[in-house]
Structures are given as C-alpha cells and as structure tokens.
Amino acid sequence: MLRVYFGDRENSVYNTSVFFRHSYKDSWITEDFTREIVADIDKSQVISSSSIVSPVLGNISPLQLSGGVKALVLMKHYPGKIFNASNCGDNCARWILKLAEEQNFTVCLYHIMDFGSGEFDIRIMNDRKLIVHNMDEFIDAGVKYLREVQS
Amino acid sequence: MKGIISVTVKDSRNSYKFELKRNITVLTGESGRGKTTLYEMISDYNRFGKSSGIKIACNVDVIAVDGIDWKEKISEISNSVIIIDEDNSFVRTAEFAETVKHNSNYFLLITRAYLEQLPVSVDEIYEVTGNKNKKFDRVYTDINKMYNAPNAKKLPFKPEVIITEDSKSGNQFFSAVAAGHNIQCISANGKSNIVKILKEYKSRKVLIIADGAAFGSEIRDVINKQKLSSGNIAVFLPESFEWLILKSGLVNDTEWEKIVFPENYADSELYFSWERYFTDLLVSVTSDEEYKKYPRNKSKLPAFYIHEKSIEQIRKNMTGVDL
C-alpha cells in the first residue's frame, strides 16, 4: 500500500535527483519497470544501462532522465526510504499506485497530487488510522495536513 | 523591477521563449517536459557564458540560484530574473517569502509545492509545452475571470452560496449583493480556509470569490474540487476586489493605464503582489472625495460602494455570474 506524509518527515530525501546521482545502479536502468516509465513519462527509449534516446535531447545518460522518473526508480529500489513525491508530476501518479500494488512504501508530498478518477487505497501517515479511497477524500486529507504544516 | 521581461534561452537542441510580468512566476506541470533542462541551461550559461554553447537573450541578467547559501546569493543580485529549481526546499520557508518581499528581482520558481506564504497570481502559473521549441502555457485559464469553467455555455453561474476570501470590504460588498437574492454570503476568513469549508456546502451551487493576484497557492486544490463537483462550484478570481471597483469605472478613471497595464507600474520592490498595488491605487484615486474615500485597512466599506447604482456598475464586470 502507498503511504503518504503531507509535509516534511525526518530522514526523508527531498532532493531526489542528487540522491539518484549517487546511488543508482546500471542494472536498474534496463529493467522492465524503468523502460516502461521512461517510455511513458519521458517519451524516451532505454538502449542500455548508460544510454537512453530522447526525441528532444538525443542520446542521454540516466542522469538526464526527468525528476519524476528518477524518483520513481528510487521508490522501487529503496522501499524503506521516504522520497519527495512532489518531484513527480501527475503523469507519474498511476505508476506510483502501480508500484504500491506490489510493495509497501512511503512518500512525502508537499502538494496534492492528482491520482485520477479511480478508486485506490492510500494511508495518510499524518493520521495513521486514516485510509483514503478516492481523490475527494485525498484532497480533504491533503488540505487539512498541508495547511496545518504551514501554519 | 517592473515591466514585461522577455526571455529566450537556446542551445542546439532546445529553445525556450517566455515572458515574465510579475515578481513571482511558477513553473509546474508533468514530469519530462523540460523544466529542469531550462534550469540547467541557465546554470551552465551562468558558469561558462557564451562558451557554454547556450544563448540567452534578455534585457536583464538571468541567474540560477540553489544551495544552502541561497540567501547570500540572492542578496548580491538586483534587477534580474532568478530561477530556482524544484530540489530546493527553501522556497517553502517564511525566510524565502521575506526575501522575495520588496525585492528588485523577478523570481521564476520551478515547483509543485504548496506555497501559502507567497502571493502567487493564478495567471502566473505555467507549464512547459512544445518539443524543440518550448514555450510557457498558462495552467489555469479563464473566461472573464471565471476560472476553468468546464463549458462557457454553463455561464453565467447562478450561486446559492458565495464564499469570499476576506471578511472585510469584499465580503461587505458581496453580502450586500447577495441580500435580496436569497443567496448566502459567507467569509472564509483567509484564502487557505476556502477549500476546507467547501465540504460544508456539498451539493449546493457555490461561487468562490478571491483575489486572483495572490490565490496561486490555493488554485490547484480548488480547481480539483471544482472538477469533482458536477458543476456545483464556480471560481471567480478578479485580481482583487479593489481591481474590480477600479475596472468598473465607478471611481476616477483617468488612471486607466495603471489599471489595464499594471505590469508597467507595480514595482516589485514596492509591491509583494498586485493586490496591494490595486489597493494603493484605489486609495489614491478616491482620496479627494470624502464619500468615495476607500479605507486602506478595508475595514468598513463606504455606503457609496453598496448603493444600488454602484453595485449595478460593478456587476457589469462580472459577466460570468448571475446575480
């Protein structure tokens, strides 16, 4: 299940791009999950562990992938760590939910991501008993806790 | 700084062309569209100049800022465009908001974070579009200041409840308008409370009225609620209530250029947001006529503004609302 903290959390990773730069492994780049998200989100094709073809940027390295793709790859490979999912656009949301069907992990959010019109289960860690099932409930939870954090 | 700043950033693979017209602009949107690429191109140009292979055309400096010494870096920059990427958590702090206040620079912030402390305009939130030739497109669009109306044919919107952001002059005006129309008018007592109290009025026709000049932090959540409301929520965001009065021509209209082209007058060092600029302008143009004198603290709206004829004149600028 996906677990979400609204606001800061101790030991979470805010700057996911820097963390990715110093921790990714070549084998992660060529696995099916990464190939699929690179194709969907960055509209690019993984050729090898060190080469990705982008229609705009040409031949790029994994370090030039989008912030959203980097964060998703980290979420998959470090399920025990808390990453900043506000580095992911709404086009990453369905991949976060898909990943959460396979493993439990926690993210921090500093905005209310749009998880679409379907049903889902997300545990809100600011109130551990709360599980939300759709965007209406998710917005209500986000509004409450994001604004509490700020004030 | 004031005025429209045009910026072009180019290399052999990417070209970005955009304009900034207020002290704060937010760049947001989906992943993989080239936001960070823009930041990195500007950062490379700052370090290596023309030998980076990047060309920047702009009549002021464009500077990328990051890291823990952000405050010191910004203090050494003036009359420039400062771009900050999303990996910098300091943009969410009160200290950063204080730094932006009365600053001569324009700030371009790449972020999706909730920024309650910054008065971001709903009109200055953009996403990157295009492949090689990229531009900025506004995320939230309007028809006569009615935002993200699902269908223009559904306008004008007839509300059962009006929620205003403020509890002072704006609320007094709309309460006067609502009286006699069997419409409930309530104050949210602050922009960040609007989306919280929406759930109390589920299934009723609700019109939200707030200052568009500073509602940027709230608009994403309000529009997402609007999408889920089956047409029950409408969002009217004039620049501010004072702008609405000024635009109606109810008061001295010799200053129309200052109303129509505020970007040429609202100096970022003087005004944290255009809402404050329009308040100052209204106070100034009404200062000579006692009965029209607009109070700077907005506490009590003079009777002139809620006279039937005045209401009618202001309402003419609210074509998206059926009142």
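A quick note: this is a predicted structure, and the numbers were derived from the prediction, not measured.

K.L.:
Give a description of the overall build of chain B that names residues and reports values.
P.N.:
Within chain B, the regular secondary structure consists of 10 helices and 15 strands. The C-alpha atoms of chain B give 21 Å as radius of gyration, which agrees with the globular expectation for 323 residues (20 Å, within 12%). Counting only C-alpha atoms and orienting by the principal axes, one finds that chain B spans roughly 70 × 45 × 30 Å. Taken over 323 residues, chain B has a buried fraction of 56%.

K.L.:
Give me the overall build of chain A: which residues, what numbers.
P.N.:
In terms of helices and strands, chain A carries six helices and eight strands. In chain A, the order of α-helices and β-strands from amino to carboxyl end is β-α-α-α-β-β-β-α-β-α-β-β-β-α. Its C-alpha atoms give chain A a radius of gyration of 16 Å, near enough to 15 Å, the size a compact globule of 151 residues would have. Here chain A, with 151 residues, has 55% of them falling under the buried criterion.

K.L.:
Requested: an account of the pattern of salt bridges, with residues and values cited.
P.N.:
Tallied over the entire structure, the rule returns 33 salt bridges over all chains. R147(A) is paired through a salt bridge with E218(B); the nearest N and O atoms lie 2.6 Å apart. Of this pair, R147(A) sits in helix α6 (residues 135-150) while E218(B) sits in helix α6 (residues 216-227), placing the two residues on different chains. In this structure, R147(A) and E218(B) share a single accessibility class: buried. A salt bridge links K293(B) to E290(B), with the shortest nitrogen-to-oxygen separation between them at 3.5 Å. Taking the relative accessible area as the measure of exposure, E290(B) reaches 62% and is therefore exposed. What emerges from the salt-bridge pattern is a single network uniting R22(B), D123(B), E124(B), R138(B), D142(B), K145(B) and E239(B).

K.L.:
For the sheet that holds strand β2 (residues 45-48) of chain A, give the residues involved together with the corresponding values.
P.N.:
Residue and element names in this part refer to chain A. Taken in spatial order, the three strands line up as β2-β3-β4 in an open sheet, and their pairing is antiparallel. The sheet terminates laterally at β2 and β4 (58-60), the two strands that pair on one side only. With strand direction ignored, the average angle separating the axes of adjacent strands in the sheet is 30°. Taken together, the three bridges between strand β3 (residues 51-54) and β4 define a ladder with antiparallel strand orientation. When the bridges of β4 are listed, S54 appears paired with G58.

K.L.:
Quick one: what's the story with the side chain of T164(B), residue by residue and with numbers?
P.N.:
All names here are of chain B. Positionally, T164 belongs in strand β12 (residues 161-164). Take T164: its relative accessible area is 1%, and that puts it in the buried class. Only 2.9 Å separates the side chain of T164 from the side chain of N171, close enough to count as a polar contact. The residues contacting T164, other than those within four sequence positions of it, are N171, F174, C185, I186, S187, A188, N189 and I209.

K.L.:
Outline helix α4 (residues 169-178) of chain B, supporting the account with residue identities and numerical values.
P.N.:
Residues and elements named next belong to chain B. Among the 10 residues of α4, seven are classified as buried, and the element is accordingly described as predominantly covered. Close packing links the buried residues of α4 with β12, β13 (184-187), β14 (206-209), α7 (241-248) and α10 (308-315). Positive phi appears at G180, one or two residues downstream of α4, with a value of about 90°.

K.L.:
Before we move on, can you summarise the nonpolar core with the specific residues and values?
P.N.:
M75(A), F115(A), F138(A) and F96(B) are the most contacted members of the largest nonpolar core, which has 98 residues in total. Among the elements that line this core, the one with the most residues is α6(A), at seven residues. Those residues in contact with M75(A) that sit more than four places away from it in its chain are F83(A), A85(A), C88(A), I96(A), L99(A), Q103(A), F105(A) and V107(A). Counting residues in each nonpolar core, the second largest holds 41 residues, with M146(B), A234(B), W243(B) and Y271(B) among its members.

K.L.:
Tell me about the environment of G80(A), residues and numbers included.
P.N.:
Residue and element names in this part refer to chain A. Take G80: it is sitting in the loop between α4 (67-77) and β5 (83-84). Under the relative-accessibility criterion, G80 is labelled exposed at 78%. Along the backbone, G80 and N134 are 54 residues apart, and their C-alpha atoms lie at a distance of 25 Å.

K.L.:
Describe the environment of A141(A), and please don't skip the residues or the numbers.
P.N.:
Residues and elements named next belong to chain A. The residue A141 is located in helix α6 in this model. Linking A141 and F20, residues 121 residues apart in sequence, is a C-alpha distance of 29 Å. Contacts of A141, omitting those with residues within four sequence positions, involve F6, I124, L130 and V132.

K.L.:
Let's hear about the sheet that holds strand β7 (residues 122-124) of chain A: which residues, and what values?
P.N.:
Within a sheet, each strand pairs with its neighbour through backbone hydrogen bonds, oriented either parallel or antiparallel. Residues and elements named next belong to chain A. Read across the open sheet, the five strands follow the order β5-β6-β1-β7-β8; overall the sheet is mixed. The sheet is open, and its two borders are formed by β5 and β8 (130-132), each paired with just one other strand. Inspection of the sheet shows β7 paired to β8 by three bridges, in the antiparallel sense. By the bridge assignment, I124 is partnered in β8 with L130.

K.L.:
Outline unusual backbone geometry, listing residues and values.
P.N.:
Of note, the amide linkage connecting L155(B) to P156(B) takes the cis form, showing an omega dihedral of 0°. Among the structural elements, P156(B) can be located in the loop between β11 (146-147) and β12. One non-glycine residue, N11(A), lies in the positive phi region at around 65°. Following the sequence through the fold, N11(A) ends up in the loop between β1 (2-6) and α1 (16-23). The backbone phi angle of S203(B) is positive, close to 70°, even though this residue is not glycine. Mapping S203(B) onto the fold places it in the loop between α5 (194-197) and β14. Of the residues examined, S203(B) reaches a relative accessible area of 65% and is grouped as exposed.

About the criteria used
Residues numbered from 1 in each chain as written. Chains lettered and ligands numbered in written order. Predicted model: local features only at pLDDT ≥ 70, side-chain atom pairs only at ≥ 80, totals over all residues. Heavy atoms only, no water. Helix = DSSP H or I, 4+ residues; strand = E, 2+ residues; numbered from the N terminus. Rg over C-alpha atoms; globule rule 2.2 N^0.38 Å. Buried < 20%, exposed > 50% of the residue type's maximum accessible area, 1.4 Å probe, protein only. Salt bridge = Lys/Arg side-chain N within 4 Å of Asp/Glu carboxyl O. Pairing = 2+ DSSP bridges. Axes fitted to C-alpha atoms, helices over the stretch in contact; angles between N-to-C directions. Polar contact = N/O pair within 3.5 Å; in protein donor to acceptor, adjacent residues only side chain to side chain. Contact = heavy atoms within 4.5 Å. Core = buried A, V, L, I, M, F, W, Y, C linked by side-chain atoms within 4.5 Å.

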